[in-house]
Amino acid sequence: MDDCIFCKIARGEIPCYKVYEDDDVLAFLDLSQTTKGHTLVIPKNHYDNFLFVPKDIVSKVFGAAQKIAQAQVASLGAEGINILNNTNSVAGQTVMHFHVHVIPRYGEADKLKIEFMSNKIEKINLPAVAEEISKKL
Ligand code: 5GP
Ligand code: ZN
C-alpha cells in the first residue's frame, strides 16, 4: 500500500529501530514507548487488520512476538508482558496495517495501566453468547 506508514517502514523508506526481521515479519520499537522496549510486530505484506490476515502469517507474527517477549525478559529485565492487538478504530487501531504490540512490564514502576473491568452496561447471557459465537466457527 503506497500511503501506509508500516508498509513504508517494511520497505525501508521510513527508518525504524529494528528488533527482528525474517522473510515475512518485521519488528521494531514503537515510537510511543509506553514502557521501555515496547515493540511492534508486523507482517511485511499489508493486511488492514487481524480479521484479514492469513493463518500462516498470524502464526509467524505471533511466533516472532513470543521470541521478542522472551528477549525482553532476558535483556531488559521485564517481569511480564502484555500482548495487544487493536482491530479497527472502534478498538483503538490508529495504523491500519495489522500489528501486534509486545509491551514489557516492570511492575508498579512502569506506570502503565491496562484495565479490564466487568461490563456494567448490560447483563450478558453467557450460555447464549457462547452458543452464538461458536455456531459461526
Ligand atoms: P495502534 O493504535 O494502531 O494499535 O498502534 C499504532 C502504534 O504505532 C502506536 O503505538 C504508535 O506509537 C505507533 N506508530 C505510529 N507511527 C509510527 C512510526 O512512524 N514509527 C513507529 N516506530 N511507530 C509508530
Ligand atoms: Zn501497510
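Further up the page is the structure itself.
Here we summarise the structure given alongside this text. (Residues numbered from 1 in each chain as written. Chains lettered and ligands numbered in written order. Predicted model: local features only at pLDDT ≥ 70, side-chain atom pairs only at ≥ 80, totals over all residues. Heavy atoms only, no water.)

1. A few points about the site of ligand 1
So, step 1. Within the structure, ligand 1 sits among 16 residues, and Leu-29, Asp-30, Asn-86, Thr-94 and His-101 are positioned closest to it.
So, step 2. A distance of 3.0 Å separates an oxygen atom of ligand 1 from a polar atom in the backbone of Val-95.
So, step 3. Contact with the protein chains covers 82% of the free accessible surface of ligand 1, which is 520 Å².
So, step 4. Sorting the residues of the shell around ligand 1 by element identifies α1 (5–10) and β2 (25–29) as the ones contributing at least two each.
So, step 5. Sort the elements by how many residues they give to the shell around ligand 1 and α1 lands first, with three residues. (Near = heavy atom within 4 Å. Polar contact = N/O pair within 3.5 Å; in protein donor to acceptor, adjacent residues only side chain to side chain. Areas by Shrake-Rupley, 256 points an atom, 1.4 Å probe, with all protein chains shown as cover. Helix = DSSP H or I, 4+ residues; strand = E, 2+ residues; numbered from the N terminus.)

2. What to know about the sheet that holds strand β5 (residues 100–105)
So, step 1. Strand order in the open sheet formed by five strands is β1-β2-β3-β5-β4, and the pairing between neighbours is antiparallel. Looking at which strands have only one partner, the edges of the open sheet turn out to be β1 (18–21) and β4 (80–84). Taking the axes of each pair of neighbouring strands and ignoring which way they run, one obtains an average angle of 20 degrees across the sheet.
So, step 2. Strand direction decides the pairing type here: strand β3 (residues 39–43) and β5, joined by three bridges, are antiparallel. Among the inter-strand pairings, Thr-39 is bridged to a residue of β5, identified as Val-102. (Pairing = 2+ DSSP bridges. Axes fitted to C-alpha atoms, helices over the stretch in contact; angles between N-to-C directions.)

3. What to know about the packing of aromatic side chains
So, step 1. If you walk through the whole model with that rule in mind, you get three aromatic pairs.
So, step 2. Relative to Phe-62, the ring of Phe-50 lies with its centre 6.5 Å away and its plane at 70 degrees, an arrangement referred to as edge-to-face. Of this pair, Phe-50 sits in the loop between β3 and α2 (55–76) while Phe-62 is found in helix α2, placing the two residues twelve residues apart along the sequence.
So, step 3. With relative accessibility at 38%, the residue Phe-50 sits in the partly exposed group.
So, step 4. Ring-pair connections join several aromatic residues into one group, and the members of that group are Phe-50, Phe-62 and Phe-98. (Phe/Tyr/Trp six-rings, centres within 6.5 Å; stacked < 30°, edge-to-face > 60°. Buried < 20%, exposed > 50% of the residue type's maximum accessible area, 1.4 Å probe, protein only.)

4. Considering the side chain of Thr-39
So, step 1. Note that Thr-39 resides in strand β3.
So, step 2. Residue Thr-39 is classed as buried on the basis of its relative accessible area of 2%.
So, step 3. A distance of 2.6 Å separates a polar side-chain atom of Thr-39 from the backbone oxygen of Gly-37.

5. So, α2
So, step 1. For α2, spanning 22 residues, the distance from its first C-alpha to its last is 31 Å, which sits close to the expected 32 Å at 1.5 Å a residue.
So, step 2. What α2 keeps buried is the set Ile-57, Val-58, Val-61, Ala-64, Ala-65, Ile-68, Ala-69 and Gln-72. Seen along its axis, α2 keeps its buried residues to an arc of 150 degrees; they face one direction. The exposed set on the far side of α2, more than 90 degrees from its buried face, consists of Lys-55 and Ala-74.
So, step 3. In this fold, the buried residues of α2 make contact with β1, β2, β3, β4 and β5. (Expected span 1.5 Å × (residues − 1). Arc of directions from axis to C-beta. Contact = heavy atoms within 4.5 Å.)

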